[in-house]
There are 2 protein chains.
Amino acid sequence: MTDLLQERDAWSMANCSVARTLEIAGTRTALLIMREAFLGTRRFDDFAKRVGIGEPAASARLKELTAAGLLERVPYQEPGQRTRYAYQLTEKGRDFLPVLTALRQWGDTWATDEQGPPLVVRHRDCGAAVHAVLRCDDGHDVRLRESYVDAGPGLIRVGPDAPEPDGA
Amino acid sequence: MTDLLQERDAWSMANCSVARTLEIAGTRTALLIMREAFLGTRRFDDFAKRVGIGEPAASARLKELTAAGLLERVPYQEPGQRTRYAYQLTEKGRDFLPVLTALRQWGDTWATDEQGPPLVVRHRDCGAAVHAVLRCDDGHDVRLRESYVDAGPGLIRVGPDAPEPDGA
DNA sequence: CCGCTGACTTCTGCAATCATAAGTCAGCTC
DNA sequence: GAGCTGACTTATGATTGCAGAAGTCAGCGG
């Protein structure tokens, strides 16, 4: 463990990846819409009904997530019906699955009633339950408290010994 | 893949683990405070300053997270100072790390500027970067689109063939 | 070319969230 | 026991988020 945390006040969180992710999809309704998308929902009315939100909220969130590239609007046509549009996950959106898995897993562990979790996600090949786990690039499992924080290339230092503190 | 998703409207999301997690820590400020806690912040003023939020918001969020059991208020005393209280992660709070790791990772991948991510989390033993990955109980890596949704013990069915639809 | 339907959008108003600034409080130092 | 300091709490007002209801719109069927 380095002493990077000792100088915590010396770096800015302006470009924090967690904060940026939350800017894009950090509201309750946006995350629930992403959950629904992973559960196979594709149509506007179904999103609103199944997430349990009003149409204005569904509209705003779907528009934002589409603009951010997590969802895409694709035309489809049922026989004898006019062309309609569905919202489906892009690669960028599908890559969001670990976030939802981690959220679901935490809720399964710490916020479930006696009956247990309502849903179980299983591996297609073997049927075993899927979990989000932490692993390092060397292939080791990383348990809680077995990690430390290091400076990355995008770290912005501020304060006394910083190059040029432009912003706060 | 079962046809569970076909009957999507037949089950309620009242006890959805994702939704429950978001009820507890689903706001932007709560998640950022949890991030700060993992970065080692423990004191009230530091939380407010480093997260970049006002004191009322910090106060409310810390109170909620403490009440929910993710943080605990512990007394400490610096020499020559009166007793003060610090907020530190409980086991329940530490178990939240996969959520933040997944959020950070998505931001690192999809929302970083040219300079790259500001922080890198490394494995204490080997120094390699830590990631959130999906794995099944049989030990297989689960890639995107290699999972399906199954009914869990807590699934609540509603509608025509449901036992007794009490709520909406 | 008219009515119907699913997919939105707009309107209205309420409730929650948040920052700024000012006020309170406890208890160690002196 | 008065002052000081960190840790909050309490106004106040702006902003955002949200629901419900009503309105718009496009295009297929008839």
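On a predicted model such as this, the values are computed, not experimentally measured, just so you know.

(A) Spotlight on the interface of chain A and chain B. Taken residue by residue, the interface counts 86 residues in chain A and 86 residues in chain B. Both faces considered, chain A and chain B share a buried interface measuring about 8,700 Å² in area, 61% of it formed by carbon and sulfur atoms. Counting the surface chain A buries against chain B, the share from its top three residues, Trp106(A), Pro118(A) and Arg135(A), is 9%. Counting the contacts that link chain A with chain B gives eight salt bridges. Here Asp113(B) ties to Arg20(A) by a salt bridge, and the two come within 3.1 Å at their closest N and O atoms. Where chain A packs against chain B, one counts 43 residue pairs in polar contact (both at pLDDT 80 or more). Breaking the side of chain A that touches chain B down by element, the ones donating at least two residues are α1 (17-25), α2 (28-38), α3 (44-51), α5 (91-94), α6 (97-110), β4 (119-123), β5 (130-136) and β6 (147-151) of chain A. Along the lines of polarity and charge, the residues of the side of chain A that touches chain B split into 44 nonpolar, 17 polar and 25 charged.

(B) Spatial organisation of the environment of Cys136(B). All names here are of chain B. The residue Cys 136 is located in strand β4 (residues 130-136) in this model. Under the relative-accessibility criterion, Cys 136 is labelled buried at 4%. When the C-alpha positions of Cys 136 and Ser 147 are compared, they lie 9.4 Å apart, and in sequence the two are eleven residues distant.

(C) Broad picture of the packing of α2(A) against helix α1 (residues 17-25) of chain B. Between α2(A) and α1(B), the shortest axis-to-axis distance is 10 Å and the interhelical angle comes to 165 degrees. Compared by their axis directions, α2(A) and α1(B) come out roughly antiparallel. Where α2(A) crosses over α1(B), the two elements pack in a sense that is right-handed. Counted together, Arg28(A), Leu31(A), Leu32(A) and Arg35(A) of α2(A) and Val18(B), Ala19(B), Leu22(B) and Glu23(B) of α1(B) form the full contact between these two elements. Its residues assigned to classes, the contact of α2(A) with α1(B) comprises five nonpolar, no polar and three charged.

(D) Summary view of the relation of the copies chain A and chain B. Superposition of chain A onto chain B requires a rotation of 180 degrees combined with a translation of 0.0 Å along the rotation axis, giving an RMSD of 0.0 Å. What we have between these two chains is a two-fold relation. By residue overlap, the copies meet face to face through one surface: 100% of the interface positions of chain A are interface positions in chain B.

(E) How the structure looks around the protein's contact with DNA strand D. In the vicinity of DNA strand D lie 24 residues, with Gly54(A), Pro56(A), Arg61(A), Arg82(A) and Ser59(B) positioned nearest. Put simply, 67% of the atoms of DNA strand D that lie within 4 Å of the protein are in sugar or phosphate. Within the side chain of Ser59(B), a nitrogen or oxygen atom sits 2.4 Å from a phosphate oxygen of DNA strand D. Arg84(B) has a polar side-chain atom sitting 3.2 Å from a sugar or linking oxygen of DNA strand D. When residues of the surface near DNA strand D are traced back to their parent elements, those giving at least two are α4 (55-67) of chain A together with α3 (44-51), α4 (55-67), β1 (71-76) and β2 (84-89) of chain B. When the residues that make up the surface near DNA strand D are grouped by side-chain class, the tally is seven nonpolar, seven polar and ten charged.

(F) Focus on the protein's contact with DNA strand C. Inspection of the region around DNA strand C gives 26 residues, with Ser59(A), Lys63(A), Gly54(B), Arg61(B) and Arg82(B) positioned closest. Considering the 4 Å shell around the protein, atoms of DNA strand C inside it are sugar or phosphate in 66% of instances. In this structure, Glu55(A) approaches DNA strand C through a side-chain N or O atom, which is 3.1 Å from a base oxygen. Take Lys63(A): an N or O atom from its side chain is 3.0 Å from a phosphate oxygen of DNA strand C. Secondary structure elements with two or more residues in the surface near DNA strand C: α3, α4, β2 (71-76) and β3 (84-89) of chain A together with α4 of chain B.

Cut-offs and rules
Residues numbered from 1 in each chain as written. Chains lettered and ligands numbered in written order. Predicted model: local features only at pLDDT ≥ 70, side-chain atom pairs only at ≥ 80, totals over all residues. Heavy atoms only, no water. Contact = heavy atoms within 4.5 Å. Buried area = accessible area lost by both parts, 1.4 Å probe. Salt bridge = Lys/Arg side-chain N within 4 Å of Asp/Glu carboxyl O. Polar contact = N/O pair within 3.5 Å; in protein donor to acceptor, adjacent residues only side chain to side chain. Helix = DSSP H or I, 4+ residues; strand = E, 2+ residues; numbered from the N terminus. Nonpolar A, V, L, I, M, F, W, Y, C, P; charged D, E, K, R; others polar. Buried < 20%, exposed > 50% of the residue type's maximum accessible area, 1.4 Å probe, protein only. Axes fitted to C-alpha atoms, helices over the stretch in contact; angles between N-to-C directions. Parallel < 35°, antiparallel > 145°, perpendicular 65-115°, else oblique. Left-handed = near helix turned anticlockwise from the far one by under 90°. Least-squares fit on C-alpha atoms with pLDDT ≥ 70 in both. Near = heavy atom within 4 Å.

In short, geometric facts, not functional conclusions.
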